[in-house]
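# Structural characterization, general
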Amino acid sequence: MTTWWRVGRALGSVEAIRSQVERTSASRLDDRVPVPPTQDEIAHLAVTMNSMLGRLEASQRAQRRFVSDASHELRSPLATIRASLDVVSPGDPDTSWEELDPILRSETERMSRLVENLLLLSQADDHALTVSRGDVDLDDLVDQEVARLRQLTSLTVRLENVPLRVTGDDHQLQQVLRNLLDNAARHARDVVAVTVSRRHGSAVVCVDDDGPGIPLPERERVFERFVRLDESRSRHSGGAGLGLAIARELARAHGGTLEAGASSLGGASLRLTLPLPEGDRRE
């Protein structure tokens, strides 16, 4: 009798879980299945299913936030283009396409960059980010990006570089370095310092600045998408808030890491770590 009672209770628990799962939909991912107080396999199954529903709910919230933020970013250049076109009237001598060309071209390029960045992040989310594998002279890429930044800014850009070769996609690694240097330049007061070194079998690139720095509680949040710690910064000067998110995804795709910390210059320090080829990991 006791055995049949236990079987009946177990089947009742299974039916309660099944019924709740059947009622759960994309609009009700906050629902959870009942967990029986039996501490047996069925209870463990219920806990596992609730954990899965929690992950799906969090993923859905992140996706909705991502779509909302992306729409907000696209709205601004589209509004500028629409307003520019509204002032142009065919045959009106007071309007000139030549005057509008720089505005339209700039906003179109801005939208193009945003769409490309969103596509890259979408591929990273789907684990479909393609990384070509080849020998990359990391020190040469750093030299190029430092030279580019020196031409674009009046900041003092210091460089300590050593020859290091990694395996990966040179275009993607160049994008990582460019994002890091551009981020440092936006926040620096006077100095950006770039250091390339070999540590514990890895190539390490540190990009420091003497800006306001990143508060300790925000050092992970800066790698989230569409995050700007300085909300007063305009979208034109501060970008879409995707640069560091993309840099971290590309670093991960290369088997590396990207972390934020405090700089000896008084500002932020972003440290990119990439594995060296196995035969070149000697110190």
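All of the points below concern the structure found in this document.

## A look at the pairing of strand 5 (residues 202-209)
Within strand 5, eight of the eight residues are buried, leaving the element largely enclosed by the surrounding structure. For strand 4 (residues 191-199) and strand 5, the ladder comprises eight bridges, and the chain directions are antiparallel. Its bridge partner lying in strand 5, R199 is registered against S202. Two successive antiparallel strands, strand 4 and strand 5, enclose a turn made up of two residues, where H200 displays a positive phi of approximately 50°.

## Here we look at unusual backbone geometry
The bulk of non-glycine residues show a negative phi, and the bulk of peptide bonds are trans. With a phi angle near 50°, H200 is a residue other than glycine that sits in the positive phi range. Note on placement: H200 falls in the loop between strand 4 and strand 5. Judged by relative accessible area, H200 falls into the exposed class, the value being 77%.

## Points about the pattern of salt bridges
Inspection of the entire model under this criterion finds eight salt bridges. R148 serves as the salt-bridge partner of E145, at 2.9 Å between the closest nitrogen and oxygen. Of the two residues, E145 and R148 are both situated in helix 4 (residues 138-152); the distance of three residues between them amounts to about one turn of the helix. Assigned by exposure class, E145 and R148 land together as buried. Note that R271 and E259 form a salt bridge whose closest N and O atoms lie 2.9 Å from each other. Placement of the pair is R271 in strand 7 (residues 268-275) and E259 in strand 6 (residues 257-262), with a sequence separation of 12 residues. What you see here is one network of salt bridges that share partners, running through E145, R148, R178 and D182.

## Thoughts on helix 7 (residues 243-253)
Burial of helix 7 is extensive: eight of the 11 residues sit out of reach of the surface. For helix 7, the set of buried residues is L244, A245, I246, A247, R248, E249, L250 and A251. G255 sits one or two positions beyond helix 7 and adopts a positive phi of about 80°.

## Here's the deal with the nonpolar core
Core analysis: the biggest nonpolar cluster contains 46 residues, and V166, L180, V192, V194, V205, V207 and L272 have the highest contact counts within it. Elements with a contribution of two residues or more to this core: helix 3 (97-125), helix 4, helix 5 (170-187), strand 4, strand 5, helix 7, strand 6 and strand 7. With six residues, helix 5 is the single largest residue contributor to this core. Excluding its chain neighbours within four sequence positions, the residues that come into contact with V166 are G134, D135, V136, L138, L173, A203, L274, P275, L276 and P277.

Cut-offs and rules
For every chain, the first residue of the written sequence is number 1, and numbering continues from 1 onward in sequence order. Under the rules for a predicted model, residues below a pLDDT of 70 receive no local features and side-chain atom pairs below 80 are neither given nor counted, while totals for whole chains, interfaces and linings still include all residues. Each side-chain value is derived from all of the structure's non-hydrogen atoms; neither hydrogens nor water enter the calculation. Think of it in three bands: with a 1.4 Å probe and only protein chains considered, a residue is buried below 20% of the maximum accessible area for its type, exposed above 50%, and partly exposed in between. Every helix listed is a DSSP run of H or I at least four residues long, and every strand listed is a run of E at least two residues long, numbered separately from the N terminus. A strand pair is defined by DSSP finding two or more bridges across the two strands. Criterion for a salt bridge: a side-chain nitrogen of Lys or Arg within 4 Å of a carboxyl oxygen of Asp or Glu. What we call a nonpolar core is a set of buried Ala, Val, Leu, Ile, Met, Phe, Trp, Tyr and Cys residues that are connected through their side-chain atoms within 4.5 Å. In what follows, a contact means two residues having at least one pair of non-hydrogen atoms within 4.5 Å.

Keep in mind these values describe shape, not function.
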